[in-house]
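As a plain string of letters, each chain reads:
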Amino acid sequence: MRLTETADVWWKNAVVYCLDIETFFDTDGDGRGDIRGLSQRIDHLAELGVTCLWLMPFYPTPDRDDGYDITDFYGVDSRLGTHGDLVELITLAQDRGMRVIADLVVNHTSDQHPWFQSARASRESPYRDWYVWRDEPPEDADKGIVFPDQEDSLWQYDEQAGQYYLHQFYKHQPDLDIANPEVREEITRILGFWLQLGLSGFRVDAVPFLLETKGSLDAADLPDPHDYLRDLRAFLNRRNGQAVLLGEVNLPYKDTRTFFGDEDGDELTMCFDFIGMQKLYLSLARSEPAELVKALRERPDPPEEAQWGTFVRNHDELTLDKLTEDEKKEVFAAFGPEEDMQLYGRGLRRRLPPMLGNDQARLRMVYSMLFTLPGTPVLFYGEEIGMGENLAADGRNAVRSPMQWTRDPNGGFSTADPDQLAGLVVEGELSPEHVNVADQRRDPDSLLNWIKLLIQRYRECPELSWGKYTILEHESPTVYAQLSEYEGGAVVALHNFSDEPAEVTLALAGTGVGVRVADLLTGKTSEVDNDGTLRHPVGPYGCCWLRVLRPDDRYII
Ligand code: GLC
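Keep in mind it's a predicted model, so treat the numbers as computed, not measured.

## Brief notes about the overall build of the protein chain
The secondary structure content of the protein chain amounts to 16 helices and 22 strands. Its C-alpha atoms give the protein chain a radius of gyration of 24 Å, near enough to 24 Å, the size a compact globule of 557 residues would have. Considered along the principal axes of its C-alpha atoms, the protein chain spans approximately 80 × 55 × 50 Å. Counting every position in the protein chain, which comprises 557 residues, the buried fraction comes to 62%. The contacts of the protein chain with a sequence gap of at least 6 include a subset with a gap of at least 24, amounting to 69%.

What follows is the structure, encoded as C-alpha cells:
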C-alpha cells in the first residue's frame, strides 16, 4: 500500500489553519470570542478545506502576551469557555475531518504562575529550581533580546527572590529550566493531558529557546537537549501514533534541520520555513523569484515522513531577521515604508493584502505559491478573505483583529460595544463592510472561493505534498517554474512575480509523444512538443498548475 493512499502521514498534505479563539466569534456578547463561537463557525473552516486547526493559547493567563503567558498549563481560560466546550469543539472538528492542535508554550510561564510565585518566595520552594536563577547576571545578559522595544536584558532582578532570573522573552515570562528532570517530566504530563482530551499534537512555541540551557550554571554537564526533544516525540507517538509536533524554529536552514532529528525524523514532525517565507517577500519586492529559488536550493530536505510548514503570514510580525540589512530595507520600502508599520527594526506588523495594495491578481498568485511550494501550508485566520491590519492596535496586535464575518457592526464578530472588543476591527478599504465571509461566500470570483479552489486542487495532487520537486530552468526571470513528481504523476506550477505578461519555454524531459498539459485552475489544455518542449504564457502575476497528461492518463481536471 502506498502511504499516500492512507491517511497515516496526514500532516504531509494537511491544510493547517491558525486562529485565536478570542478574536474568532463571540457568542455571549462580552466582546471576546469563545470556544462555543468557534464551534458555531466550524463549517466555515470545513468548507474552506482546512484539515487541521491550530488553536493559539487558550489557557488561563494574565494576557500580557496574548495568552503566551500562562498560569495553568492544564486549564482553559474561563473567559473562553470550559474543558467541556473544548471537548465538544474537538468532537465537532473530528466529525468534519479536522484534527485540532494547540500551542504548547513551555519555554516559560507567566510570572503569575503559582510555580513562579512559590519559586520566588523561597529558596526552599520545590519550584525554585524549575526556573533559572543567578546572583549576578552574566556579561552577555543583553545579547539576543527578542523584544528590544520593551526589554534591555535577559535577566531580571527579583526583590522577593533576592536573585536574577532568566527570561528570554518579556520579563513577565520567566524561563523554565528545561535541564531540570522534574520540569521535563511535567511537560510530558502536560502533553499527555491534552492528547487524552483529544488534541492531535502541538505547535511548539519558541523551540530553540525552550531547548536552550546556557542559563544553567553547570551547562557543560547537561545532557543534549535534542535527546529531550527525541524523548518528547517518542512519548507523544506512544500515546497517539498520529500526533504531531509543529515547531517554531527560526534559524538558518542547517540548524533548523537538526530539529527534525535523525534520518527517520525522530524530533519535530514539522518545522516552519521562516527562511523561505522571508525570501518570498524579498522576491515579491523584486518582482523576480531568484532569491526564493536560491533559498529553496539550499533548503535541506526533511526526513521522509517529516515536512516543512510553509506560510505567508502568522500572528507575529512578519520577521525579516534572516535578510541582510539592505535586503530588509528593500522589503520595508516595498511593503511597509512607514515607521509605524515596522517593528523591532526587523519586521512588519502588517497583513499581506494591504502590503500588496490589495492587488487581487498578485494576492492570488502569492496564495497559489503557498499551496504549490513543497511543504504543508499554514493559514492565519482571515487570510482566506483578505483581511488587513489595524495599525492603531499595539505592536503585533495590529494583525490580530476580530474575524470579519458580515458587514454588520464589529464585522458580525460580537454584539458588544466596539470598545469592549478583544481586538481593534480593521478600518478603511479592508473593513468588514468591504471584506467579509458572508459576501465572499456568494461571490464566485471572491478570494475566499479562490482559496477554496487552491485547497481542493492541492489536496488532489499528491505530487505537491509527497513528490520530489525540481525547480525548472528557463529564460524568463520573473517566473518561478516548479515540477513536482510522484509515482508517475507530474504537475508543473508557474508563477509570475511581475505585472508584465511572460512566456516560458520548458524542457519536460522524458514526457513522450502526444503529451498535453491541463491547467488545474482553469481546465485549459496545451500541447507539449514531441521533444518535450512546453511553451506556455503566464499573465501578469499569473499562476498555472499544469498537470502533465500522457495519452492514456485518466485524471479528472
Ligand atoms: C512565540 C510566539 C509569540 C510569543 C513568543 C513568546 O514567538 O509566536 O507570539 O510572544 O513566542 O511566547
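## With respect to the site of the ligand
Around the ligand, the neighbouring residues are Asp-65, Tyr-68, His-108, Phe-147, Phe-169, Arg-203, Asp-205, Glu-248, His-315, Asp-316, Arg-396 and Arg-400. One of the side-chain N or O atoms of Asp-65 is found 2.7 Å from an oxygen atom in the ligand. Asp-205 has a polar side-chain atom sitting 2.9 Å from an oxygen atom of the ligand. Protein contact buries 96% of the 310 Å² of open area that the ligand shows by itself. Of all the cavities here, the one that holds the ligand is the largest pocket.

## Description of the layout of surface pockets
Considered as a void within the structure, the largest pocket measures approximately 780 Å³ in volume. Lining the largest pocket are 35 residues, with Val-146, Phe-169, Phe-209, Glu-248 and Asn-250 sitting closest to its centre. The element that contributes the greatest number of residues to the lining of the largest pocket is helix α6 (residues 207-211), accounting for three residues. Residues of the lining of the largest pocket, tallied by class, amount to 13 nonpolar, eight polar and 14 charged. In this structure, the second largest pocket occupies an estimated 500 Å³ of space. Along its surface, the second largest pocket is lined by 24 residues, and Arg-64, Asp-66, Asp-394, Asn-397 and Arg-400 are the ones closest to its centre.

## Examining the sheet that holds strand β6 (residues 163-166)
Taken together, the three strands give an open sheet; going across it, the order is β4-β6-β5, and neighbouring strands pair in antiparallel fashion. The open sheet has two edge strands with one neighbour each: β4 (133-134) and β5 (155-158). As paired elements, β5 and β6 share four bridges and run antiparallel to each other. Within β6, the position partnered with Gln-156 by the bridge is Tyr-165.

## A look at empty space enclosed by the protein
Scanning the entire structure with this criterion turns up three cavities of 30 Å³ or more. If you trace the largest cavity, you find it lined by Asp-273, Gly-276, Met-277, Leu-280, Leu-296, Arg-299, Thr-310, Phe-311, Val-312, Leu-370 and Leu-373. Secondary structure elements with two or more residues in the lining of the largest cavity: α9 (274-286) and β10 (307-311). A total of three residues in the lining of the largest cavity trace back to one element, the largest contributor, which is α9. For the second largest cavity, the calculated volume is near 70 Å³. Across the lining of the second largest cavity, the residue classes tally to four nonpolar, two polar and seven charged.

Reading the values: rules and limits
Residues numbered from 1 in each chain as written. Predicted model: local features only at pLDDT ≥ 70, side-chain atom pairs only at ≥ 80, totals over all residues. Heavy atoms only, no water. Helix = DSSP H or I, 4+ residues; strand = E, 2+ residues; numbered from the N terminus. Rg over C-alpha atoms; globule rule 2.2 N^0.38 Å. Buried < 20%, exposed > 50% of the residue type's maximum accessible area, 1.4 Å probe, protein only. Contact = heavy atoms within 4.5 Å. Near = heavy atom within 4 Å. Polar contact = N/O pair within 3.5 Å; in protein donor to acceptor, adjacent residues only side chain to side chain. Areas by Shrake-Rupley, 256 points an atom, 1.4 Å probe, with all protein chains shown as cover. 1 Å grid on protein atoms, 1.4 Å probe; cavity = no way out; pocket = protein on both sides within 12 Å on 5 of 7 lines; lining within 4 Å. Sits in = over half its atoms within 2 Å of the grid points. Points joined across faces, edges and corners; volume = space filled by probe spheres on them. Nonpolar A, V, L, I, M, F, W, Y, C, P; charged D, E, K, R; others polar. Pairing = 2+ DSSP bridges.

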